Protein chains: 2
Amino acid sequence: MTHTTTRRLALDGTAQDLLFRQAHTVDRFTGEPVTDETVRAVHDLVRNGPTAFNQQPLRLWLLRSPESRERLARHLTRGNREKTLRAPLTALLAVDTDFHLRLPEQFPQFPGASDLFTGERGKRERSARFNGALQAAYFIIGIRAAGLAAGPMSGFDEDGVDREFFPDGALSALLLVNIGRPAPDGARARGPRLGYDEIRTTL
Amino acid sequence: MTHTTTRRLALDGTAQDLLFRQAHTVDRFTGEPVTDETVRAVHDLVRNGPTAFNQQPLRLWLLRSPESRERLARHLTRGNREKTLRAPLTALLAVDTDFHLRLPEQFPQFPGASDLFTGERGKRERSARFNGALQAAYFIIGIRAAGLAAGPMSGFDEDGVDREFFPDGALSALLLVNIGRPAPDGARARGPRLGYDEIRTTL
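Source: prediction; values computed, not measured. (Residues numbered from 1 in each chain as written. Chains lettered and ligands numbered in written order. Predicted model: local features only at pLDDT ≥ 70, side-chain atom pairs only at ≥ 80, totals over all residues. Heavy atoms only, no water.)

1. Comments concerning the overall build of chain A
Helix and strand content of chain A: 9 helices and 5 strands. When the elements of chain A are put in sequence order from the N terminus, they spell out α-α-α-β-α-α-β-α-α-β-α-β-α-β. Counting only C-alpha atoms and orienting by the principal axes, one finds that chain A spans roughly 50 × 50 × 35 Å. Put simply, chain A has 203 residues, and 59% of those count as buried. (Helix = DSSP H or I, 4+ residues; strand = E, 2+ residues; numbered from the N terminus. Buried < 20%, exposed > 50% of the residue type's maximum accessible area, 1.4 Å probe, protein only.)

2. Focus: the nonpolar core
Membership of the largest hydrophobic core comes to 90 residues, with the highest contact counts inside it found for L60, L93 and I179 of chain A together with L60, L93 and I179 of chain B. With near-sequence residues (within four places) excluded, I179 of chain B lies in contact with F29, V34, P88, L89, A91, F139, I143, L148 and A149 of chain B. (Core = buried A, V, L, I, M, F, W, Y, C linked by side-chain atoms within 4.5 Å. Contact = heavy atoms within 4.5 Å.)

3. Regarding the sheet that holds strand β1 (residues 58-63) of chain A
The strands making up a sheet are joined through hydrogen bonds of the backbone, oriented either antiparallel or parallel. Pairing within the open sheet is mixed, and its 5 strands lie in the order β3(A)-β4(A)-β2(A)-β1(A)-β5(B). With partners counted over all chains shown, the strands left at the sheet margins are β3 (149-153) of chain A together with β5 (200-202) of chain B, one partner each. Ignoring strand direction, the axes of neighbouring strands in this sheet form an average angle of 25 degrees. Bridging between β3 of chain A and strand β4 (residues 171-180) of chain A involves 5 bridges; their strand directions are antiparallel. Across the sheet, residue P152 of chain A finds its bridge partner in β4 of chain A, namely V177 of chain A. (Pairing = 2+ DSSP bridges. Axes fitted to C-alpha atoms, helices over the stretch in contact; angles between N-to-C directions.)

4. Some details on the pairing of strand β4 (residues 171-180) of chain B
Residue and element names in this part refer to chain B. For β4, a buried count of 10 out of 10 residues is recorded, marking the element as mostly surrounded by other parts of the structure. As paired strands, strand β2 (residues 89-96) and β4 are joined by 8 bridges and run antiparallel to one another. Looking at the pairing, A91 lines up with V177 of β4.

5. Topic: the packing of aromatic side chains
All names here are of chain A. All told, the structure shown has 14 aromatic pairs over all chains when counted by the stated rule. Centre to centre, the rings of F99 and F117 are 5.0 Å apart; their planes meet at 70 degrees, and the pair counts as edge-to-face. On the criterion of sequence distance, the pair formed by F99 in the loop between β2 (89-96) and α6 (103-106) and F117 in the loop between α6 and α7 (121-145) is long-range, its members being 18 residues apart. For F117, a relative accessible area of 6% puts it in the buried group. Between the aromatic rings of F165 and F166, the centroid separation amounts to 6.4 Å while the plane-to-plane angle is 50 degrees, which identifies the pairing as tilted. (Phe/Tyr/Trp six-rings, centres within 6.5 Å; stacked < 30°, edge-to-face > 60°.)

6. Description of helix α4 (residues 66-73) of chain A
Residues and elements named next belong to chain A. What α4 keeps buried is the set S68, R69, L72 and A73. Taken end-on, α4 shows its buried residues confined to a sector of 140 degrees, consistent with a single buried face. Opposite the packed face of α4, turned more than 90 degrees from it, sit the exposed residues P66 and E67. Buried positions along α4 lie against β1, α5 (78-86), β2, α8 (158-165) and β4. (Arc of directions from axis to C-beta.)

7. Some remarks on the interface of chain A and chain B
Counting residues at the interface gives 82 residues for chain A, matched by 82 residues for chain B. Buried area between chain A and chain B, summed over both chains or domains, comes out near 7,300 Å², and the portion from carbon and sulfur atoms is 61%. Across the chain A-chain B interface, the total number found is 10 salt bridges. The salt bridge partner of R40 of chain A is D197 of chain B, with a shortest N-O separation of 3.2 Å. For the pair chain A and chain B, the interface holds 44 residue pairs in polar contact (both at pLDDT 80 or more). Per element, the largest residue contribution to the side of chain A that touches chain B is 12 residues, and it comes from α7 of chain A. Looking at side-chain class alone, the side of chain A that touches chain B contains 40 nonpolar, 19 polar and 23 charged residues. As defined by bridge partners, strand β5 (residues 200-202) of chain A adjoins strand β1 (residues 58-63) of chain B across 3 bridges and the pair is classed as parallel. What sits directly across from T202 of chain A, in β1 of chain B, is L62 of chain B. (Buried area = accessible area lost by both parts, 1.4 Å probe. Salt bridge = Lys/Arg side-chain N within 4 Å of Asp/Glu carboxyl O. Polar contact = N/O pair within 3.5 Å; in protein donor to acceptor, adjacent residues only side chain to side chain. Nonpolar A, V, L, I, M, F, W, Y, C, P; charged D, E, K, R; others polar.)

8. Regarding the pattern of salt bridges
This model, assessed by the stated rule, comprises 36 salt bridges over all chains. Across the salt bridge formed by R74 of chain B and E164 of chain B, the nearest N and O atoms sit 3.3 Å from each other. Of the two residues, R74 of chain B is situated in the loop between α4 (66-73) and α5 (78-86) and E164 of chain B in helix α8 (residues 158-165); the sequence distance between them amounts to 90 residues. Take R74 of chain B: its relative accessible area is 56%, and that puts it in the exposed class. In this structure, a network of salt bridges that share partners links the residues D36 and R40 of chain A together with D197 and R200 of chain B.

9. As for the confidence of the model for chain A
For chain A, mean pLDDT is 95; residues scoring 70 or higher make up 98% of the total. Complex prediction metrics read pTM 0.97 and ipTM 0.96. (pLDDT = per-residue confidence, 0-100.)

10. What to know about the relation of the copies chain A and chain B
With an RMSD of 0.0 Å, chain A superimposes on chain B once it is rotated by 180 degrees and translated 0.0 Å along the axis. The two molecules are tied by a two-fold rotation axis, judged by turn and shift. Taken as a fraction of all interface residues of chain A, those also at the interface in chain B reach 100%, which identifies the copy contact as same-surface. (Least-squares fit on C-alpha atoms with pLDDT ≥ 70 in both.)

11. Examining the side chain of Q135 of chain B
All names here are of chain B. Positionally, Q135 belongs in helix α7 (residues 121-145). Take Q135: its relative accessible area is 12%, and that puts it in the buried class. For Q135, the contacting residues outside a window of four places in its chain are T51, Q56, P57 and L58.

12. Some details on the sheet that holds β4 of chain B
Reading across the sheet, the 5 strands line up as β5(A)-β1(B)-β2(B)-β4(B)-β3(B) and stay open at both edges, with mixed pairing between neighbours. Where the open sheet ends on each side, the last strands, each with one partner, are β5 of chain A together with β3 (149-153) of chain B. If you compare each strand with its neighbour and ignore which way they point, the axes differ by 25 degrees on average. Across the face of the sheet, α7 of chain B comes into contact with β1, β2, β3 and β4 of chain B while running at roughly 10 degrees to β4 of chain B.

Written out as structure tokens, the structure is:
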């Protein structure tokens, strides 16, 4: 079945393995550093992914210094603390809830787009979090495209991280991602996935 | 710059083009049908993408019949109506806000995971929408991996679609995606993307 579906896609099997089939969430990494040039190359690829009104709300905070990692660690669940302090790089992914201010430039074909989001911060935040999540997924795929492994984490105190890193209020934390090369046995086993007939309805 | 970053990634240039660099949101498609076998192959690839606690909240409703498409069209913004009625296939992506009931089976290594989400539907819905958005992005990438084009749309009345298709209340609409092969001039021009130095902060 899987072999058949591999061949049914236009994307070659090696790329399917790299991005999805052989890729795993990683908890422990080697000490090899992740350079800024590599993260830049990941961004150059995945920034092309689509968002509503081309809003691109995602912002990337690279926590490289021990001090920045310690500031973050206070707001993590216990299970995420040690592995984050030891990862070569931790990316704090946040969204800019004032994304609408740049829509006239980013989505010029619809000059009224910005007005749809003026006033009500709740509506902006909902849209920014949804579209930021799309971009977070593109970013995870991009890390794998660079031959690296990602360790995404939702287990942190979002309000605490916002107060710690974004006190001015426009940015809002979305996801943490540890990045590096997997240590031996650093990758998690694949959890059971739902089958197509369990998740699909045809009308 | 782009040429250099293309070569800096492990993913080959052809795959980079297929999934990101040459891929565009499409509004008009050829009449060629999108088979269920193709959607199944897309799912078989992208179901491997990570979600928190392996929760996999995304559900896929394939709107194939003219009747189902008409039911949807009532809840679309005017600009999305015609192109949706003409697309070879429209996928209604929704999340199951009762995902926590299956966590004991999907994330057996942490038996308490389900309890984290019991009781408070707001917290479940927030988590389901975030993780469903990750999966929606994997799905868009998967459509492109199949050599097809995606036309994702947020412009619809979410409450109206929920009442129309999910009256029992556990499912919640997330995103619509038209799917097919691009008609000549059916793809949108690439909107301007934010540069790395505009979105990245290093601490």
